[in-house]
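# Descriptive analysis of the structure
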Amino acid sequence: VRKRTPADFVFGKVIGEGSFSTVYLAKDVHTNKEFAIKVLEKRHIIREKKTEYVNREKKVLQILGSSCKYFVHLYYTFQDTDRLYFVLTYAKNGELLQQINKDTSFNLECTKYYSAELVLALEYLNLKGIVHRDLKPENVLFDENWHILITDFGSAKILGEDKSSDEENQKRRKYSFVGTAQYVSPEILNDAESTCASDLWALGCIIYQMLTGQMPFRGASEYLIFQKILKLDYDFPQGFHKVAKDLIEKFLVITPSNRLGATDETPYKSIREHEFFKDVNWDDLGPPPKFF
Ligand SMILES: NC(=O)Nc1ccc2c(c1)=C(Cc1cc(-c3cccc(C(=O)NCCN4CCCCC4)c3)c[nH]1)C(=O)N=2
């Protein structure tokens, strides 16, 4: 396949911004197909020593391929003198965060449906030995049929990838913080290894947010948020759904291995069997419910 260049696309509006990338809506000039193109400045990546993260994101997206429908797909990569380009799936219906804020919160049916899609997506990541490490409502997108597409593997970890032997590198990697404050798990704050259970913590935070419109751990600074996370300092609004509360409480557990699903022989059987999902057909979730 001929290597693409920026000239193969018409770049449109900015649809995403990160500390190391800008995501544009773009159209392939030959097919008119819409893509999301993530553009990274080489100089910035090098200056901030993020080359390893960029290479890891590309590797993870290639490992994920297109065999699981719950992830954005990486179609092409190319570069020019100053920038790297990742041509990714365009998720027409935007971010879960926008939807939660727009509707203030989801009803139980929507929350159950999208929690189930997230469980299926996390089962696939577990199978592939990948930890997302920055799962949050901004990184859960909706495709044109309102199914989820998880994106942004810039902080991801590939389990079993040979760790560098030298002490210095270990220390650097260990103290290079990943994730977003409100969703980061206690083990990452305690500089312990992150595992698939770290994504289960984030899932608990997202389910809480879908039902309340609020993040469980909130504060005026990252430091205050971290304190709340490490002390498990959060609560449920009056009248919160009892079964959903039980599920969330089983994810928001300090010890990673004690989280629901963390030690499943068959991930994530114990999550599928939780009462919250009692009437879910895991082999066919059916069409997404209407938000309104
Ligand atoms: N860090 C990253 O890797 N970020 C990425 C990667 C890939 C990617 C990505 C981010 C995407 C972000 C995105 C953002 C949007 C978007 C942003 C702002 C507005 C809209 C929008 O209004 N879309 C029209 C449909 N709306 C959707 C919301 C309800 C009303 C109707 C979409 C669509 N997709 C995307 O589509 N694909």
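The following refers to the structure shown. (Residues numbered from 1 in each chain as written. Predicted model: local features only at pLDDT ≥ 70, side-chain atom pairs only at ≥ 80, totals over all residues. Heavy atoms only, no water.)

## Some remarks on the nonpolar core
What tends to happen in soluble globular proteins is that the nonpolar side chains get buried as a cluster. The condition is simple: The term nonpolar core refers to a set of buried residues drawn from Ala, Val, Leu, Ile, Met, Phe, Trp, Tyr and Cys, joined through side-chain atoms within 4.5 Å. Buried residues are those whose accessible area, probed at 1.4 Å on protein chains only, stays under 20% of the maximum for their type, while exposed residues exceed 50% and partly exposed ones sit between those limits. Note on contacts: a residue pair is in contact if any heavy atoms of the two residues lie within 4.5 Å.
In this structure, Phe71, Phe106, Ile148, Phe153, Met210 and Phe277 are the most contacted members of the largest nonpolar core, which totals 79 residues. Apart from residues lying up to four places away in sequence, Phe71 is in contact with Leu64, Ala121, Tyr124, Leu125, Leu149, Ile150 and Phe153. Formed by 8 residues, the second largest nonpolar core is a distinct cluster that contains Ala26, Ile37, Val39 and Tyr85.

## Things to note about the site of the ligand
Cut-off, in case you're wondering: If even one non-hydrogen atom of a residue comes within 4 Å of a molecule or strand, that residue is called near it. Between N or O atoms, a polar contact is any pair within 3.5 Å; within protein, one atom must be a potential hydrogen donor and the other a potential acceptor, and residues adjacent in sequence are included only when both atoms are from side chains. The Shrake-Rupley method, run with a 1.4 Å probe sphere, supplies the accessible areas, and residue values consider only the shown protein chains as cover. For helices the rule is a DSSP run of H or I covering at least 4 residues; for strands it is a run of E covering at least 2, with both sets numbered from the N terminus onward. Under the grouping applied here, Gly and all other residues not named as nonpolar or charged are polar, the nonpolar ones being Ala, Val, Leu, Ile, Met, Phe, Trp, Tyr, Cys and Pro and the charged ones Asp, Glu, Lys and Arg.
Surrounding the ligand, one finds 17 residues, the nearest of these being Lys38, Thr89, Ala91, Lys92 and Thr151. Thr89 places a main-chain nitrogen or oxygen 2.8 Å from a nitrogen atom of the ligand. A distance of 2.6 Å separates an oxygen atom of the ligand from a polar atom in the backbone of Ala91. Relative to its unbound accessible area of 750 Å², the ligand is 76% covered by the protein chains. If you list the elements that add at least two residues to the shell around the ligand, you get strand 1 (9-17), strand 3 (34-41), strand 5 (83-89) and helix 3 (96-103). Classifying every residue of the shell around the ligand by side-chain character gives 7 nonpolar, 6 polar and 4 charged.

## Describing the side chain of Ser185
As for its placement among the helices and strands, Ser185 is situated in the loop between helix 5 (167-175) and helix 6 (186-189). Its relative accessible area of 1% is what places Ser185 among the buried residues. Engagement of the side chain of Ser185 in a polar contact is seen with the side chain of Glu187, the distance being 3.1 Å. Contact partners of Ser185, with chain neighbours within four places excluded, come to Ser198, Trp201, Ile229 and Arg259.

## Topic: helix 9 (residues 242-251)
In an α-helix, one turn spans 3.6 residues; hence positions three or four apart end up facing the same way. Using the following cut-off: By construction, the arc corresponds to the directions joining the helix axis to the C-beta atoms.
Residues of helix 9 that are buried include every one of Val243, Ala244, Leu247, Ile248 and Phe251, and no others. Around the axis of helix 9, the buried residues are gathered within 135 degrees of arc, so they sit on the same side. Tucked inside the fold, the buried residues of helix 9 contact helix 7 (196-212) and helix 10 (269-272).

## What to know about the environment of Asp279
Examined against the element boundaries, Asp279 turns out to sit in the segment after helix 10. You can call Asp279 exposed: its relative accessible area is 56%.

## Observations regarding the environment of Tyr114
By secondary structure assignment, the location of Tyr114 is in helix 4 (residues 108-127). Apart from the residues lying within four places of it in its own chain, the contact partners of Tyr114 are Phe106, Phe142, Trp146, Ile148, Met210, Pro288 and Phe291.

## Things to note about the pattern of salt bridges
Side-chain pairs of opposite charge can arise where the charged atoms are in close proximity. Spelled out, the test is: Salt bridges, as used here, are contacts in which a Lys or Arg side-chain nitrogen is within 4 Å of a carboxyl oxygen on Asp or Glu.
One pass over the structure, following the stated rule, counts 19 salt bridges. What emerges from the salt-bridge pattern is a single network uniting Glu52, Arg56, Lys59 and Glu161.

## Examining the packing of helix 7 against helix 9
Rules: Lines are fitted to the C-alpha atoms to define the axes, a helix being fitted only along its stretch in contact, and any angle between axes, read from their N-to-C directions, falls within 0 to 180 degrees. Geometric relationships in this document are graded by angle, where less than 35 degrees denotes roughly parallel, more than 145 denotes roughly antiparallel, 65 to 115 denotes roughly perpendicular, and other angles denote oblique. Crossings are classed by handedness, with left-handed meaning an anticlockwise turn of the near helix from the far one by less than a right angle and right-handed meaning a clockwise turn.
Contact geometry for helix 7 and helix 9: axes closest at 8 Å, N-to-C directions at 150 degrees. Put simply, helix 7 runs roughly antiparallel to helix 9. Seen along the crossing, helix 7 lies across helix 9 with a hand that is left-handed. Residues Leu200, Trp201, Leu203, Gly204, Ile207, Tyr208 and Leu211 of helix 7 lie in contact with helix 9, whose contacting residues are Ala244, Leu247, Ile248 and Phe251. Its residues placed into classes, the contact of helix 7 with helix 9 shows 10 nonpolar, 1 polar and no charged.

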